[in-house]
Amino acid sequence: MSNALSVEAPEGLPFIDYTREFDAPVEDLFRAHADPELFARWVGPSDLTTELPTYDFTSGGRWRMVQRRGEEEYAFRGTFHTVRENELAVQTFEFEGFPDAVSLEFFTFEQLPGNRSRLVGHAVYPTLEARDGMVSSGMESGLADGYDQLDALLAERAA
């Protein structure tokens, strides 16, 4: 894909920042995050299947995601604290296999010229060790793979 993911995990600080541009309007990018059927189609590595038993993408809503690869299962959960259409989503994120390391994530949706958009993410972790654990888990490659799938989904929906 032509839009590269940029990920920064500054040494000694418990957060991760990332940015990714998309060849689609911000409304389509936001909808792909808000609609549970669309979200499940692109989130995470392409070799995982995703189920969303709970997904209420509204301020105060809850979410739970289960991803599977063969016999392996990974579950995540959180709360959407603030959702502003086409602008912002703030959520908590917890891997159920490593409880108590809840991160607070901010997603900013930006409209760009030429009917393009940008997603800016900022994830804050309770400790540097929790942040480093996320980095070493393959988070960057999983994000990149998911966003490549999102590119394909956005192109498919635009056609």
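This text goes with the structure placed above it.
Given the structure is predicted, the values throughout are model-derived calculations rather than measurements. (Residues numbered from 1 in each chain as written. Predicted model: local features only at pLDDT ≥ 70, side-chain atom pairs only at ≥ 80, totals over all residues. Heavy atoms only, no water.)

What to know about the environment of Val135
Turning to step 1, where the next piece is worked out: Along the chain, the position of Val135 falls in helix α3 (residues 128-136).
Turning to step 2, where the next piece is worked out: Val135 gets classed as partly exposed once you look at its relative accessible area, which sits at 38%.
Turning to step 3, where the next piece is worked out: C-alpha separation for the pair Val135 and Glu8, spaced 127 residues apart in sequence, amounts to 9.9 Å.
Turning to step 4, where the next piece is worked out: The contacts of Val135, once residues within four sequence positions are left out, are Ala9 and Ile16. (Helix = DSSP H or I, 4+ residues; strand = E, 2+ residues; numbered from the N terminus. Buried < 20%, exposed > 50% of the residue type's maximum accessible area, 1.4 Å probe, protein only. Contact = heavy atoms within 4.5 Å.)

Considering the packing of aromatic side chains
Turning to step 1, where the next piece is worked out: Evaluation of the coordinates by the stated rule reveals 13 aromatic pairs.
Turning to step 2, where the next piece is worked out: Residues Tyr55 and Phe57 carry aromatic rings whose centres are separated by 6.1 Å and whose planes lie at 10 degrees to one another, so their mutual orientation is stacked.
Turning to step 3, where the next piece is worked out: For the pair Trp63 and Phe93, a centre-to-centre distance of 5.8 Å together with 35 degrees between the ring planes defines the contact as tilted. Residue Trp63 is located in strand β4 (residues 62-69), and its partner Phe93 is located in strand β6 (residues 88-95); the two are separated by 30 residues in the primary sequence. Neither residue differs from the other here; Trp63 and Phe93 are each classed as buried.
Turning to step 4, where the next piece is worked out: Members of the aromatic cluster, joined through ring pairs, are Phe22, Phe30, Phe39, Trp42, Tyr55, Phe57, Phe80, Phe109 and Tyr147.
Turning to step 5, where the next piece is worked out: A cation sits over an aromatic face here: Arg20 above Phe22, 4.8 Å from the ring centre. (Phe/Tyr/Trp six-rings, centres within 6.5 Å; stacked < 30°, edge-to-face > 60°. Lys NZ or Arg CZ within 6 Å of the ring centre and 35° of its normal.)

Examining the nonpolar core
Turning to step 1, where the next piece is worked out: One finds Trp42, Phe109, Tyr147 and Leu150 to be the most contacted residues of the largest nonpolar core, which totals 37 residues.
Turning to step 2, where the next piece is worked out: Contact partners of Tyr147, with chain neighbours within four places excluded, come to Leu5, Tyr18, Arg20, Phe22, Trp42 and Leu119. (Core = buried A, V, L, I, M, F, W, Y, C linked by side-chain atoms within 4.5 Å.)

Remarks on the layout of surface pockets
Where empty space is left in the structure can be found by rolling a water-sized probe over the atoms.
Turning to step 1, where the next piece is worked out: Here the largest pocket is characterised by a volume of approximately 1000 Å³.
Turning to step 2, where the next piece is worked out: Looking at the lining of the largest pocket, the elements that each hand over two or more residues are α2 (36-42), β4, β5 (72-84), β6, β7 (103-112), β8 (116-124), α3 and α4 (139-158).
Turning to step 3, where the next piece is worked out: Broken down by element, the lining of the largest pocket gets its largest block of residues, 6 residues, from α4.
Turning to step 4, where the next piece is worked out: Split into classes, the residues belonging to the lining of the largest pocket amount to 27 nonpolar, 11 polar and 3 charged. (1 Å grid on protein atoms, 1.4 Å probe; cavity = no way out; pocket = protein on both sides within 12 Å on 5 of 7 lines; lining within 4 Å. Points joined across faces, edges and corners; volume = space filled by probe spheres on them. Nonpolar A, V, L, I, M, F, W, Y, C, P; charged D, E, K, R; others polar.)

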